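# Architecture at a glance
Each chain is listed here by its residues.
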Amino acid sequence: QVQLVESGGGSVQAGGSLRLSCAASGYTYSNYCMAWFRQAPGKTREGVAASVSDGSTTYADSVKGRFTISKDNAKNTSYLQMRSLKPEDTAMYYCAADVWTEEPLAPRDYMYWGQGTQVTVSS
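Here goes a summary of the coordinates provided. In this numbering scheme, every chain counts its residues from 1 along its sequence in written order. Local features in this predicted model are restricted to residues of pLDDT 70 or higher, and side-chain atom pairs are both shown and tallied only at a pLDDT of 80 or more, whereas totals for entire chains, interfaces and linings draw on every residue. The side-chain values count all of the structure's non-hydrogen atoms but skip hydrogen atoms and water molecules.

### Considerations on the sheet that holds strand 7 (residues 67-72)
This is how the line gets drawn: Should DSSP find at least two bridges between two strands, the strands are taken to pair. Numbered from the N terminus, helices here are DSSP runs of H or I no shorter than four residues, and strands are runs of E no shorter than two. Where helices are involved, their axes are fitted lines through C-alpha atoms of the stretch in contact, as for all axes, and angles between N-to-C directions lie from 0 to 180°.
The 4 strands are arranged 1-3-8-7 in an open sheet whose pairing can be described as antiparallel. The outermost strands of the open sheet, each flanked by one partner alone, are strand 1 (3-7) and strand 7. Averaged over all adjacent pairs, the angle separating strand axes in this sheet is 15°, with direction ignored. As defined by bridge partners, strand 1 adjoins strand 3 (residues 18-25) across 5 bridges and the pair is classed as antiparallel. By the bridge assignment, Leu4 is partnered in strand 3 with Ala24.

Next up, the structure:
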């Protein structure tokens, strides 16, 4: 079984940075796709960044140039480095994983999910 645990969330001022971590356990495949999603109050869950099994990455337009997704295969951990944070980035952030994804930023393509970590950006 696969379990994901997020950490690294917190409160920062606009323009600041945070790095989120997603520690995975129970993987049976080394080529899992991993992604980060976020959901703000009253809004639907949206894809933020994804690392696909072929090594490619993709980002939502709203975070391109500011966020970077990476993966440490030895530690089985995914990271989301967030820079130049804006108040509109405030949300609960979730890590997700699956063996394959047809659309990397689509929530329904992922089977395994973490419980979320809160990110709050103030002005």
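### Focus: the state of the cysteines
Test applied: The disulfide criterion used throughout: a pair of cysteine sulfur atoms within 2.5 Å. Throughout this description, buried means an accessible area under 20% of the type-specific maximum (1.4 Å probe, protein chains only), exposed means over 50%, and partly exposed covers the range between.
What the rule picks out here adds up to 1 disulfide. Two residues, Cys22 and Cys95, share a disulfide whose sulfurs are 2.0 Å apart. Taking the sign of the S-S torsion, -80° for the link of Cys22 and Cys95, the bridge is left-handed. With a gap of 73 residues between them, Cys22 in strand 3 and Cys95 in strand 9 (residues 91-98) connect regions that are remote in the sequence. Its relative accessible area of 0% is what places Cys95 among the buried residues. This cysteine, Cys33, is not joined by any disulfide, and Cys95 carries the nearest cysteine sulfur, 12 Å off. Take Cys33: its relative accessible area is 2%, and that puts it in the buried class.

### Thoughts on the packing of aromatic side chains
For clarity, the cut-off: Aromatic pairs are defined between Phe, Tyr and Trp rings, using the six-membered ring for Trp, whenever the two ring centres lie within 6.5 Å; interplanar angles under 30 degrees are classed as stacked, those over 60 as edge-to-face, and all others as tilted. Charge-over-ring contacts are defined here by two conditions on Lys NZ or Arg CZ: a distance within 6 Å of the ring centre and an angle within 35 degrees of the ring normal.
The tally for this structure, following the rule as stated, stands at 4 aromatic pairs. Residues Tyr32 and Tyr112 carry aromatic rings whose centres are separated by 6.3 Å and whose planes lie at 25° to one another, so their mutual orientation is stacked. Taken together, the residues Tyr32 in the loop between strand 3 and strand 4 (33-39) and Tyr112 in strand 10 (residues 112-113) connect sequence positions 80 residues apart. The exposure class assigned to Tyr32 is buried, which follows from its relative accessible area of 3%. A relative accessible area of 23% places Tyr112 in the partly exposed class. Ring plane angle 75° and centroid distance 5.4 Å describe the contact between Phe37 and Tyr110, whose orientation is recorded as edge-to-face. Of the two residues, Phe37 is situated in strand 4 and Tyr110 in the loop between strand 9 and strand 10; the sequence distance between them amounts to 73 residues. Through a chain of ring-to-ring contacts, three or more aromatic side chains come together here, namely Phe37, Tyr110 and Trp113. Between the NZ or CZ atom of Arg19 and the centre of the ring of Tyr79, over which it lies, the distance is 4.3 Å.

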